[in-house]
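# Examination of the molecular architecture
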Amino acid sequence: MVYIESWDEFVDKSVQLFRADPQSSRYVMKYRHCDGKLVLKVTDNRECLKYKTDQAQEIKRMEKLNNIFFTLMTRGPDVDITEASMKEQAESQQTKKGRGRRQ
Amino acid sequence: MRRWSFGFNFEKTPSIMVLLQPDPFLNELTKMFEQNKEKGSVWVTFKRSTLKCKAVRQRMQTVGELLEYRCLVRATDGKKKISTAVESMETRQILICLVYLILRCEISGQLSTKEHQKFQASYATLLKAHMDSLKKRDRKDKKK
């Protein structure tokens with residue numbers, strides 16, 4: 001399976017995939033420390049979506065996706081996920097402000 | 001120890017999944033990340049699950065009982081497997097499966113929304129602490 005280059009595309013497609021079949025979808029994260037590589041994968045055993053990165057800044061994005069999947073899996077596929085993603089944005093804005101004041 | 005094994009050697013069976021409480025799970029996951037620092041990979045899987053077998057699920061559905069879903073979190077480094085189940089809503093205690101007792105595994109109890117959030121936060125902190133070999137932002141050749 002080819003890796004998806006765009007993060008937003010990966011998120012959109014993976015959420016769609018999960019909502020289409022929550023029963024058989026899974027979200028896998030593979031981390032290889034020695035090579036500094038992170039691979040995210042969402043699959044329902046028919047279709048497979050993958051995203052690869054070696055950038056430290058992508059961890060923030062991954063955290064957001066983790067939260068989205070946590071929410072989807074525990075509260076059900078029909079739940080509104082904007083809350084999970086909004087919360088993350090608010091937190092990052094707060095840290096930015098904190099940094100600014102210190103300087 | 002072996003009295004429980006019924007002639008079945010658990011130690012030699014690599015595929016046994018240990019279902020842990022969220023906190024011990026995170027400790028084990030930390031260990032796993034540390035053990036695979038020099039070489040090796042770590043896989044973490046999220047899966048929506050009822051933690052019930054198909055027969056039980058179907059029986060519950062025919063009776064009309066509401067199925068409870070949790071987020072089953074599994075981790076492996078190819079040698080060892082660990083797992084935990086996180087649920088968001090406060091629900092009635094789930095009966096401990098006999099199989100898990102035989103396998104000397106803990107099954108996760110009730111988890112309130114607060115605990116679920118706690119797990120989510122600790123998990124994120126753990127990942128950030130261990131994923132430190134990824135490249136820092138390089139302004140010269142930005143990938144995006």
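Note that the coordinates shown come from a computational prediction; the quantities given were computed from them, not determined experimentally.

Procedures and definitions
Residues numbered from 1 in each chain as written. Chains lettered and ligands numbered in written order. Predicted model: local features only at pLDDT ≥ 70, side-chain atom pairs only at ≥ 80, totals over all residues. Pairing = 2+ DSSP bridges. Helix = DSSP H or I, 4+ residues; strand = E, 2+ residues; numbered from the N terminus. pLDDT = per-residue confidence, 0-100. Contact = placed C-beta atoms within 7 Å. Axes fitted to C-alpha atoms, helices over the stretch in contact; angles between N-to-C directions.

### So, the pairing of strand E2 (residues 41-49) of chain B
- In the sheet, strand E1 (residues 26-32) of chain A pairs with E2 of chain B via seven bridges, with the strands oriented antiparallel. Pairing of tyrosine 27 of chain A across the sheet is with phenylalanine 46 of chain B, part of E2 of chain B.
- The sheet contact formed by E2 of chain B and strand E3 (residues 70-76) of chain B spans seven bridges and is antiparallel. When the bridges of E3 of chain B are listed, lysine 47 of chain B appears paired with leucine 72 of chain B.

### Details of the confidence of the model for chain A
Residue and element names in this part refer to chain A.
- Taken residue by residue, chain A gives an average pLDDT of 80. The fraction at 70 or more is 78%.
- Mean pLDDT values over the elements of chain A span from 52, in helix H3 (residues 82-102), up to 94, in strand E3 (residues 48-53).
- Here residues 95-103 is modelled with pLDDT under 50, and outside its nearest four sequence neighbours on either side it reaches zero contacts, counting other chains as well.

### Topic: the sheet that holds E1 of chain A
- On the basis of which strands lie adjacent, the open sheet formed by seven strands has the order E3(A)-E2(A)-E1(A)-E2(B)-E3(B)-E4(B)-E1(B) and mixed pairing. Strands at the two margins of the open sheet, each flanked by one partner only, are E3 of chain A together with strand E1 (18-20) of chain B. The average undirected angle you get between the axes of adjacent strands in this sheet is 20°.
- With respect to the sheet, helix H1 (residues 7-20) of chain A is in contact with strand E2 (37-43) and E3 of chain A, its orientation differing from that of E3 of chain A by roughly 150°.
- On top of the sheet, helix H2 (residues 58-75) of chain A reaches E1, E2 and E3 of chain A together with E2, E3 and strand E4 (81-86) of chain B; it is set at about 135° to E3 of chain B, its chief contact.

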